[in-house]
Number of protein chains: 2
Amino acid sequence: AGKSQHNEDQACCEVVFVEQRPSPRGSGELDGGRKGFYFHYWALFDGHAGSGAAVMASERLHLHICEQLRELVGILQDPSPPPHGELPNDALPRFHLEKAVSHESLVIGAIENAFKHMDDQIEQERATQHLAGGCCALAAIYLMGKFYVANAGDSRAIIIRNGEIIPMSREFTPETERQRLQFLALLRPELLGKEFTPLEFPRRIQPKELGKKMLYRDQSMNGWAYKKIEEDDLKFPLIFGEGKKARMMATIGVTRGLGDHDLKVFSSNIRIKPFLSCFPEVRVYDLTQYEHCPDDVLVLGTDGLWDVTNDKEVAAVVMEVLTSYEPNDPCRYTMVAQELVLRSRGVLKERGWRLPNDKLGSGDDISVFVIPLGGPGNYT
Amino acid sequence: AGKSQHNEDQACCEVVFVEQRPSPRGSGELDGGRKGFYFHYWALFDGHAGSGAAVMASERLHLHICEQLRELVGILQDPSPPPHGELPNDALPRFHLEKAVSHESLVIGAIENAFKHMDDQIEQERATQHLAGGCCALAAIYLMGKFYVANAGDSRAIIIRNGEIIPMSREFTPETERQRLQFLALLRPELLGKEFTPLEFPRRIQPKELGKKMLYRDQSMNGWAYKKIEEDDLKFPLIFGEGKKARMMATIGVTRGLGDHDLKVFSSNIRIKPFLSCFPEVRVYDLTQYEHCPDDVLVLGTDGLWDVTNDKEVAAVVMEVLTSYEPNDPCRYTMVAQELVLRSRGVLKERGWRLPNDKLGSGDDISVFVIPLGGPGNYT
């Protein structure tokens, strides 16, 4: 890449055994071995301001997911609905207004909390381990017939099935999370340190425009309206810029991820972390609901890939490369990933890395997983 | 209806002329008349705890929309992009990082602010006008080739085009807005008055369960996880119940709308209003992007309709009734609306109002607009 001296992307791919926690009374082990299940795991971590957080997350996130799932081994292997809690023995068998909770939503909760524990661990160990920076995290977990795709940041996952594109994540940026960030700024104005205004404006306002009209929008609005410019509106907007150039507090272009506990606004004491969320959005894809052929894949990519290409172009490359190999050649998925990276990077010419259309290549770190959903590499 | 003694639904249908505000310098009127444009307007207001707010909103919301749009007459009639503000004469012609704002997003902003002003007016006049209760508001505005559908509450709008269903709104309830409400409760715990916990549990917890495990989720989670029950968890959950029975603070089943300024939790001083939003979500449908036939319609309905029927069944009734009339019969859309209301109410039998499948009829007030998108009643 060109943006940073070293590659700040990290990746991890594991098969993890989730072993049931030993029962305090020693029961449930009559069959000799302990109960448990496996999950398959792939994850990409796009680091910024150093690779420390990304490296640690790539080494540990799957262990945190495993730890959260250990609590659930017995429950997930039991087809009856999960119990709400440990009921007292003399409790009524039925409560009014009980809410059904699915096995799937327990797995989602486990993954969400694993991200939180990962973020807490980075916070605790950042001083002793010299962990710098933060990272986006995108993880795919295959468990009991379903893919759980968890995304916190601006990486992106899509499924390509029979040529059709199914988005498996959305990006979390100052633009997509504007209303959450503005709402927080409104309720906790002290977090803005008198430097920022929670309102969004389409451009910087000049002091001599005081009293004139200007377009704005606040945490409740999706549209824009005019307002009279007041003294407070001359502060820098919490969210500013558009597309890849959008920044929160003029500092960061991604609003979810792990780490960044020490990140501050340039030459100030204003902390960024209170505005960042470490919680992923988890989407579920039930592999048993569809027939899959060897050309159906799940693609995970960091923003280095998606900045210069789109879903359709990626799907076209996947098709092109896969059909040039035998369907049972295990290397064909690796070749797709390699081709996707090479095409997004471009070719080194006199005026830098160039794409086939002569536009500039990604310039950012590029990482890709291509995961087969059917065919020889399937998980049943 | 059966739920309340009187019908608390209100409706309004108007053609409104938006006249440009007279210029302070008297310019721009050389052609004798003032500039302006028309918009078509249909709206449903589903009142609760009295019809006062619904009645006032049905009489005034379109006037507030008109008032907001008056500021924009010149801008909307000018095909060039809206100006960001009144630039000082000596300003640089171009700013860095200017954000493009569309005409469409100015109309959305105008509608959003009109809802806010309507809510403020209800607040100001509720004492002198004896306005009781609150209401959901669903409005469709046809303006310059586009439909703007604004929804605050649990009414619902769909377009049926060539048999295909296009949702034009989503419902705002304690379940769909759970994370916004929990986030507010977390940041402003004083609003819970020591009576409620921001956490959601799938059922009430008994005091003797203290220290045991229980499923929960907080403002950051979509999934569920187990936690050890603490003293604070014995409070009543902010969000409780499922589906039509879901309530915020055990009081209200809808989380956006107008009015409700005096609403409190039963036999307490805890106010509900800080959690309610009066801002609508506005969706846009560009009528010029498609060819429409006389059977294509926009259907607006209060929850009395949607509680006992779904999008597909409504589309089937629309088709069935429309095809039984001549395509140029102007009564056919009215007949569809009547049929939708009658079928949702059911037929009075010994055991109450019954639907054809012998289930209970809606029991709630039912209001429906059926608006043709093409054919003899079109708006060009």
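Residues numbered from 1 in each chain as written. Chains lettered and ligands numbered in written order. Predicted model: local features only at pLDDT ≥ 70, side-chain atom pairs only at ≥ 80, totals over all residues. Heavy atoms only, no water.

Next up on the list: the environment of asparagine 310 of chain B. With respect to the element layout, asparagine 310 of chain B can be found in the loop between helix 5 (303–306) and helix 6 (311–322). Within the structure, the side chain of asparagine 310 of chain B is placed 2.9 Å from the backbone nitrogen of glutamate 313 of chain B, a separation counted as a polar contact. (Helix = DSSP H or I, 4+ residues; strand = E, 2+ residues; numbered from the N terminus. Polar contact = N/O pair within 3.5 Å; in protein donor to acceptor, adjacent residues only side chain to side chain.)

Let us now look at helix 4 (residues 178–187) of chain B. Burial of helix 4 of chain B is extensive: seven of the ten residues sit out of reach of the surface. Taken together, the buried residues of helix 4 of chain B touch helix 4 (178–187) of chain A together with strand 11 (239–240) and strand 12 (247–248) of chain B. (Buried < 20%, exposed > 50% of the residue type's maximum accessible area, 1.4 Å probe, protein only. Contact = heavy atoms within 4.5 Å.)

Glancing now at the domain arrangement of chain A. Its domain assignment divides chain A into domain 1 (9–22 + 34–81 + 102–172 + 278–372) and domain 2 (177–253). One C-alpha centre belongs to domain 1 of chain A, the other to domain 2 of chain A; they are set 33 Å apart. (Domains from an automatic or database assignment.)

Residues and elements named next belong to chain A. Inspection of every chain in the model, using the stated rule, returns 60 salt bridges over all chains. With a closest N to O distance of 3.4 Å, glutamate 230 and lysine 227 form a salt bridge. Residue class for glutamate 230 comes out partly exposed when judged on its relative accessible area of 48%. Residue class for lysine 227 comes out buried when judged on its relative accessible area of 16%. (Salt bridge = Lys/Arg side-chain N within 4 Å of Asp/Glu carboxyl O.)

The next thing to look at is the interface of chain B and chain A. Each partner contributes residues to the interface: chain B has 56 residues there, and chain A has 56 residues. Taken together, the links from chain B to chain A amount to six salt bridges. For glutamate 200 of chain A, the salt bridge goes to lysine 99 of chain B, with nearest N and O atoms at 2.9 Å. For the interface between chain B and chain A, the tally reads 17 residue pairs in polar contact (both at pLDDT 80 or more). The set of elements that each furnish at least two residues to the side of chain B that touches chain A consists of helix 3 (103–125), helix 4, strand 8 (213–216) and strand 9 (225–228) of chain B. Top element by residues in the side of chain B that touches chain A is helix 3 of chain B. It accounts for seven residues. Of the residues contributing to the side of chain B that touches chain A, the split by class is 27 nonpolar, ten polar and 19 charged. (Nonpolar A, V, L, I, M, F, W, Y, C, P; charged D, E, K, R; others polar.)

Now for the side chain of lysine 99 of chain B. Inspection of the secondary structure puts lysine 99 of chain B in the loop between helix 2 (73–76) and helix 3. Apart from the residues lying within four places of it in its own chain, the contact partners of lysine 99 of chain B are Glu175, Glu200, Pro202, Arg217, Trp224, Gly241 and Glu242 of chain A together with His84 of chain B.

Turning to the relation of the copies chain B and chain A, a few remarks are in order. Its rotation angle being 180°, the transformation that places chain B on chain A also includes 0.0 Å of axial translation and leaves an RMSD of 0.1 Å. Both chain copies can therefore be described as sitting about a two-fold axis. In terms of proximity to the rotation axis, the leading residue of chain B is leucine 187 of chain B, whose C-alpha is 3.5 Å off the axis. Interface overlap between copies is the fraction of interface residues in one copy that are interface residues in the other; for chain B against chain A it reaches 100%, indicating a shared surface. (Least-squares fit on C-alpha atoms with pLDDT ≥ 70 in both.)

Residue and element names in this part refer to chain B. For the structure on display, the rule yields one cavity of 30 Å³ or more. There is about 40 Å³ of room inside the largest cavity. Lining the largest cavity are His48, Cys135, Ile252, Val254, Arg256, Gly257, Leu258, Asp260 and Leu276. Across the lining of the largest cavity, the residue classes break down as five nonpolar, two polar and two charged. (1 Å grid on protein atoms, 1.4 Å probe; cavity = no way out; pocket = protein on both sides within 12 Å on 5 of 7 lines; lining within 4 Å. Points joined across faces, edges and corners; volume = space filled by probe spheres on them.)

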